[in-house]
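What the coordinates show
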Amino acid sequence: MHYSFNIERGNFTDAGQASSSVKRTLKQLGVDPVNIKRTVVALFEAEINAVAHAYGGRIDVDIDGEKIVMVVADEGPGIPNLDLAMQEGWSTASAKVREMGYGAGMGLPNIKKNTDDLKIDTQVGVGTTVTMTVYLT
Amino acid sequence: MPSEETYFKHSLRVNDYLCQGCTTCMRTCPTRAIRIRGGKAIISDNKCVDCGECIKVCPHKAIYIKQDDFGLLFNYKYRVCLVPTTFIGQFEEKYKTRAIYSCIKKLGFTHIYEVEHEVSRMVDLYNLYMDEHPELTTFISPYCPAVTRLIQVRFPSLVDNVIHVRAPLELASRVITKRLMDEGASRPSIGVFYVTPCAAKIAAVKYPVSGKETYVSGVINMDFLYNKVLLMLHDSDKLTQPINHTLSSRDVLWPLSGGEAPHFRGAHYAVDGLRNVLEFLEKLEDEAVDAPGLVEMRICDQGCVGGVLTTNNRFVARKRLEYRARLFERLEHSKIRETGSDDCSLTDEMVDVMTIPEIKPRSIYKLNDDFAEAFKMAERMKKIEKALPGVNCSACGAPSCAALAEDIVRGDAGIDTCIFINRHSQASEDAIRSIWGDRVKTKEINKDNNGYDSQGNH
C-alpha cells in the first residue's frame, strides 16, 4: 500500500497528518502497538525536521507484508555535518523554531532509535532524503 | 453480521418506536458503533463505550438507559443509597443536604452513603499503582469508565497507562456493606443501590472490566431520583435527617473535571468533554505531547455534572457544588463540622478487591487476526474508499464512506448500498450531480462497480 503527502515549509500545525494516516492503517493491520508507536514517532520527527529546516518536500510511505518504508524527501539546506546532527542535543534550528517548542536536537537521534534501518542522503544546498524502515512482524 | 465474541455489554437501548433513523447519533458516535438497519439505529456491543453522546444528540429521545426496577429495593432489609455528590449539585443551594437525604430515606432507603467518602483511599490506591510502575511517566485516571473503554477500543497502546483500579463506587459499596455486616446484618439482607449520572457507570458495575464481584445490588438513574426528591422537597418543610458529615470540602468536588488534582502532588492535567479527550489521547499515543504526571479525563464536559442523566445545567451544578465546598470549608474552619473522623486506612484486602489485574486491548480497527488477511482487507478497503464519493451522506446506513468501506471488507455491507454508485435513472443522476457536482463519479463506476461486484470483491 502506498501513501504520499506534501510537506509545507513552516507549517507545524498541519504536520502529523502523514503519521495519523499511517497509524490508522497499522491499527487495521493489527500491528503491535510498540511498532506502531515507533513508526509514528519516527515519521513525525522526520516530517517536523523537513517543516522546520527545508523549503518543502514530500513523504512517501509503502507498506508491504513485512515492513513499512518511509521516505521523507525535502528541498532544503541539507545537513553539513551528519555526525554532529546525529548527536543528541545538537541543533541548527532557528530561535523562532525553538520558541515554538521544537529544535531540541532530538530529531535524528530519535528517528534512529525508533527505526530498524535508517538511510540519510544529504547534499548541502540541495536537500535531504531520509529513508526509514520499520519491520512490522 | 458475522457472529463474534461479545466483550462488552451495555445499558443503552434504542426505542424502535421513537427512532426515526435520522443518523444523528451514528455520525456523533466516537467509535462508529452505530449503523442504521431497517430504518432504526443499532448499536454494536463491542464498539460502544457507553459515553452517552448518542443520547445527548438524539432529537427524538429514542435512546435511553435501562435502569433497575425501583421495587427491587424492597427485596432487602438494609437498603443503602450510594450517592455521589453530583446528585447534591443538582439542587439549589437553598436546600440543605440533610433535607435531600431525608427525602431519599422517605422513599424507602435505610442508609445513605456518599461515594466521596472513599476519596482518600482512592488516592492511596492511585499512588500504589504509580509507585509500582516507575517505567511509566503518564498515568491516566481510571475515574471515568467511558474513558477506560475508549482507550481499550481506540487507543490500545495506552491501556497500561490507565491506573488499574476500579471505580470509587465499588470501594464505597464494599465499605458500607462490611460496616453493616459488622453491625450484625447478613450479606444477602443488604442491598446497595448506586445513583448514576451516566450510562458508563452502569456498564462498569454490571459488566466490569475487572471481571470481579461487585457489592452494588442495583443502579438508579439520577434523573429518576431527582424528580422524586424534588417533589418531596416542595411538599414538606420538616424533613430533617441528622447526618454525620465527614466529607471534606475537597472531597465534594471529586466528580468535577479537575476534582482529583488537589489530592495529588506533581504535574496534573484535567481533560473533559469527548472531543478534548479524543484529541489528548491521540496526541498521547503519538507522543506528540509530553505529559508526565496524572491525566484526569472525563468524557462529559465539566465532569460528572455533565452526565447524560443529570437534570440541571452542568455549569450551574458545578457552581452549586463549589458553593457547598466553600460552605463546608467555613464550617471546618469554625470547627462546627469535623472531617476525617472515619477510618480511612487502606487494608490489603481492599487493595486486592480494588485492583484490576489486566485491562485488555480490544481494538476496533483490527481487520483480521491474521496479518496477511488483514493486509489484503486493508488494501481492498483503501481502493473501495477511493471509489466512494467521500461526502459521508450516511444514506448507506454507515456514518461515513470510510466506515462503509470497512463494513464492505468485513462482509457487513455491499457496495450497492451507496446511492451515488447505485443510481439507475438519468433523473437521479442529474439530481445527485446538481447537489454534489464533480464529486459524483462517472456512470462507468455504476456499470462495472469500479471493478467490484456487489460484495466489494474484485
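Quick caveat, the model's predicted, so the values are computed rather than measured.

Assigned secondary structure in chain A consists of five helices and five strands. Along chain A, helices and strands appear, N-terminal first, in the series β-α-α-β-β-α-α-α-β-β. At 14 Å, chain A has a C-alpha radius of gyration in line with the 14 Å of a compact globule built from 137 residues. Out of the 137 residues in chain A, the part that is buried amounts to 40%.

This next bit is on the interface of chain A and chain B. Listed per partner, the contact involves 16 residues of chain A and 17 residues of chain B. Counting residues per element, the ones that place at least two in the side of chain A that touches chain B are α1 (17-28) and α2 (33-53) of chain A. For the side of chain A that touches chain B, the leading source of residues is α2(A), giving six residues. When the residues that make up the side of chain A that touches chain B are grouped by side-chain class, the tally is seven nonpolar, seven polar and two charged.

What follows concerns the sheet that holds strand β10 (residues 268-272) of chain B. All names here are of chain B. If you trace the three strands from one edge of the open sheet to the other, you get β7-β11-β10, paired in parallel fashion. Of all strands in the sheet, those bounded by a partner on one side alone are β7 (138-140) and β10. Neighbour-to-neighbour, the strand axes of the sheet open up by a mean angle of 20 degrees, direction not taken into account. Here β10 runs beside strand β11 (residues 293-298); their pairing, made up of five bridges, is parallel. The partner of Tyr269 across the bridge, within β11, is Val295. Contacting β7, β10 and β11, helix α11 (residues 274-285) runs over the sheet at an angle of about 135 degrees to β10.

Residue and element names in this part refer to chain B. Split by domain assignment, chain B resolves into domain 1 (1-66), domain 2 (70-354) and domain 3 (366-458). One C-alpha centre belongs to domain 1, the other to domain 2; they are set 26 Å apart. If you look at the interface, domain 1 gives 16 residues, while domain 2 gives 19 residues. Broken down by element, the side of domain 1 that touches domain 2 gets its largest block of residues, three residues, from helix α2 (residues 53-57). Within the side of domain 1 that touches domain 2, the residues separate by chemical class into seven nonpolar, four polar and five charged.

Below, the discussion takes up unusual backbone geometry. All names here are of chain B. Unusually for a residue other than glycine, Arg32 sits at a positive phi of about 50 degrees. Among the structural elements, Arg32 can be located in the loop between α1 (24-28) and β2 (34-37). When the 20 C-beta atoms within 10 Å are taken as the criterion, Arg32 is described as buried. Positive phi values are uncommon outside glycine, yet Asn392 reaches one of about 55 degrees. On the secondary structure map, Asn392 appears in the loop between α14 (371-387) and α15 (401-409).

What follows concerns the environment of Arg166(B). Residue and element names in this part refer to chain B. Here Arg166 lies in the loop between α6 (145-154) and α7 (168-182). In this structure Arg166 comes out as buried when scored by C-beta crowding, with 23 C-beta atoms within 10 Å. Separated by 225 residues in the primary sequence, Arg166 and Val391 place their C-alpha atoms 42 Å from one another. Contact partners of Arg166, with chain neighbours within four places excluded, come to Ser210, Met354 and Ile356.

Residues and elements named next belong to chain B. Helix length check: α11 (12 residues) gives 16 Å between terminal C-alpha atoms against 16 Å at 1.5 Å per residue, within 8%. Buried within α11 we find Leu274, Val277, Leu281, Leu284 and Glu285. Projection of α11 onto a plane perpendicular to its axis shows the buried side chains occupying an angular sector of 95 degrees, all on one side. Looking at the buried side of α11, the elements it contacts are α2, β7, α6, β10 and β11. Glu287 occupies a position one or two residues after α11 and carries a positive phi of about 55 degrees.

Residues and elements named next belong to chain A. With antiparallel pairing, five strands are arranged side by side in an open sheet as β1-β2-β3-β5-β4. The open sheet has two free edges, formed respectively by β1 (2-7) and β4 (117-123), since each of these has just one partner strand. Direction aside, the axes of adjacent strands within the sheet are offset by 10 degrees on average. Docked against the sheet, α2 engages β1, β2 (57-63), β3 (67-75) and β5 (127-135), running at close to 175 degrees with respect to β5.

What counts and what doesn't
- Residues numbered from 1 in each chain as written.
- Chains lettered and ligands numbered in written order.
- Predicted model: local features only at pLDDT ≥ 70, side-chain atom pairs only at ≥ 80, totals over all residues.
- Helix = DSSP H or I, 4+ residues; strand = E, 2+ residues; numbered from the N terminus.
- Rg over C-alpha atoms; globule rule 2.2 N^0.38 Å.
- Buried ≥ 20, exposed ≤ 12 C-beta atoms within 10 Å, placed from the backbone.
- Contact = placed C-beta atoms within 7 Å.
- Nonpolar A, V, L, I, M, F, W, Y, C, P; charged D, E, K, R; others polar.
- Pairing = 2+ DSSP bridges.
- Axes fitted to C-alpha atoms, helices over the stretch in contact; angles between N-to-C directions.
- Domains from an automatic or database assignment.
- Expected span 1.5 Å × (residues − 1).
- Arc of directions from axis to C-beta.

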